[in-house]
Amino acid sequence: MPAPSSSSPTTAVQASAPVSAPASAPVSGPVSGPVSGPVYAPARASRLGPVALVVSAGVSVQFGAALAVMVMPRVGAAGVVTLRLAAAALVLLVLCRPKVRGYGRSDWGTVIAFGVAMAGMNGLFYQAIDRIPLGPAVTLEVLGPLALSVIVSRRLVNLLWAALALAGVALLAGHGGGGLGGLDPLGAGFAVGAGAMWAAYIVFSARTGRRFPQADGLALAMAVAAVISLPLGVAEAGSDLLTPSTLALGLGVAVLSSVLPYTLELLALRRLPAPTFAILMSLEPAIAATAGFLVLSQAMSPLDALAIALVIAASMGAVRSQREPGEAG
């Protein structure tokens, strides 16, 4: 997903001014002036670590989503969301043992907003992939943050990127001939809604990472998300949520789709500029299409691949055009 999320969903970070890379983040991009090789090389090397974190997070979350699709016949979409968030919250609370004292009202407000965004992103996304294939779902999810980036930006070129993205979506949903075409309208709508929540997730993820040490804020926000999703999951699945085999699968989904990727993204956001993070996250539709093909046997036609590529290119272009001339990233 999310993702979410996932588009890039993370274009919301630099589109909304308050979110930026922490002051302690390593220098990224070329350094102007007479800088010698030994100084520049560590700066380049320091970027490889967080880049690997983001890519690993994308692979984990999309293959976790593919596993979730296999669990849905047992407990439904809402049940999977409840299992995922509840298991992830328990794991993170045990591992992090976050402190709850010493924080102000604004700190708790940020955590609660992060949890609400997380619950909304997961709930809408799983409703989407219950109705449409994984690749198109993530592709449509990208559009929410991409649209936000275009609206906030004052650059005319972003209208061109938006048009390119819309062309990709039209190609994805409009052609017949089987494969990934002919998307269910309700499923597509859920995916777009998940994209809007993904943008909110990445904004509050960055803010939470600056207010809480390590992954403490993530653990607390995950607990908020689990509490929000619990009534919906119980209403849909009831006692089926407690079946041992289903619980085991739910734990696997939680680790792959929540615990591991969210922690990796939170750590990466402390070390990468937001635009760089966003560009890397733009690759998630391609990762999702690959996961859908390998795990769920969801075929992808050449037109589907072209449509996804157009949306990825549009997202990357919109992120890069946000930068001021001469800005590194």
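The preceding data block contains the structure.
Conventions we followed
- Residues numbered from 1 in each chain as written.
- Predicted model: local features only at pLDDT ≥ 70, side-chain atom pairs only at ≥ 80, totals over all residues.
- Heavy atoms only, no water.
- Helix = DSSP H or I, 4+ residues; strand = E, 2+ residues; numbered from the N terminus.
- Expected span 1.5 Å × (residues − 1).
- Bend = angle between axes of the 7 residues up to and from the residue.
- Buried < 20%, exposed > 50% of the residue type's maximum accessible area, 1.4 Å probe, protein only.
- Contact = heavy atoms within 4.5 Å.
- 1 Å grid on protein atoms, 1.4 Å probe; cavity = no way out; pocket = protein on both sides within 12 Å on 5 of 7 lines; lining within 4 Å.
- Points joined across faces, edges and corners; volume = space filled by probe spheres on them.
- Nonpolar A, V, L, I, M, F, W, Y, C, P; charged D, E, K, R; others polar.
- Salt bridge = Lys/Arg side-chain N within 4 Å of Asp/Glu carboxyl O.

Here the focus is helix α9 (residues 244–269). Helix length check: α9, at 26 residues, gives a terminal C-alpha distance of 36 Å against a target of 38 Å (1.5 Å per residue), a fit within 8%. The principal kink in α9, of about 40°, is found at V255.

As for its placement among the helices and strands, T263 is situated in helix α9. Given a relative accessible area of 21%, T263 falls into the partly exposed group. Along the sequence, T263 and A215 sit 48 residues apart, while their C-alpha atoms lie 6.6 Å from each other. Once you skip the residues sitting within four places of it in the chain, T263 turns out to touch L92, L218 and S258.

Attention now goes to the layout of surface pockets. Roughly 160 Å³ of internal volume is contained in the second largest pocket. Together, T82, L83, A86, A87, L90, L230, L241, L242, L247, G250 and L251 line the second largest pocket. Among the elements that line the lining of the second largest pocket, the one with the most residues is helix α2 (residues 37–96), at five residues. Split by residue class, the lining of the second largest pocket holds nine nonpolar, two polar and no charged.

This part covers the environment of M118. The topology assignment puts M118 in helix α3 (residues 105–129). Judged by its relative accessible area of 0%, M118 falls in the buried class. C-alpha of M118 to C-alpha of A225: the two residues are 107 residues apart in sequence and 6.1 Å apart in space. When sequence neighbours within four positions are dropped, the list of residues in contact with M118 reads Y201, L218, A221, M222, A225 and Y262.

This part covers the pattern of salt bridges. All told, the structure shown has one salt bridge when counted by the stated rule. In this structure, R211 and D107 form a salt bridge, with 2.6 Å as the shortest nitrogen-oxygen distance. Of this pair, R211 sits in helix α7 (residues 185–211) while D107 sits in helix α3, and the two are 104 residues apart along the sequence.

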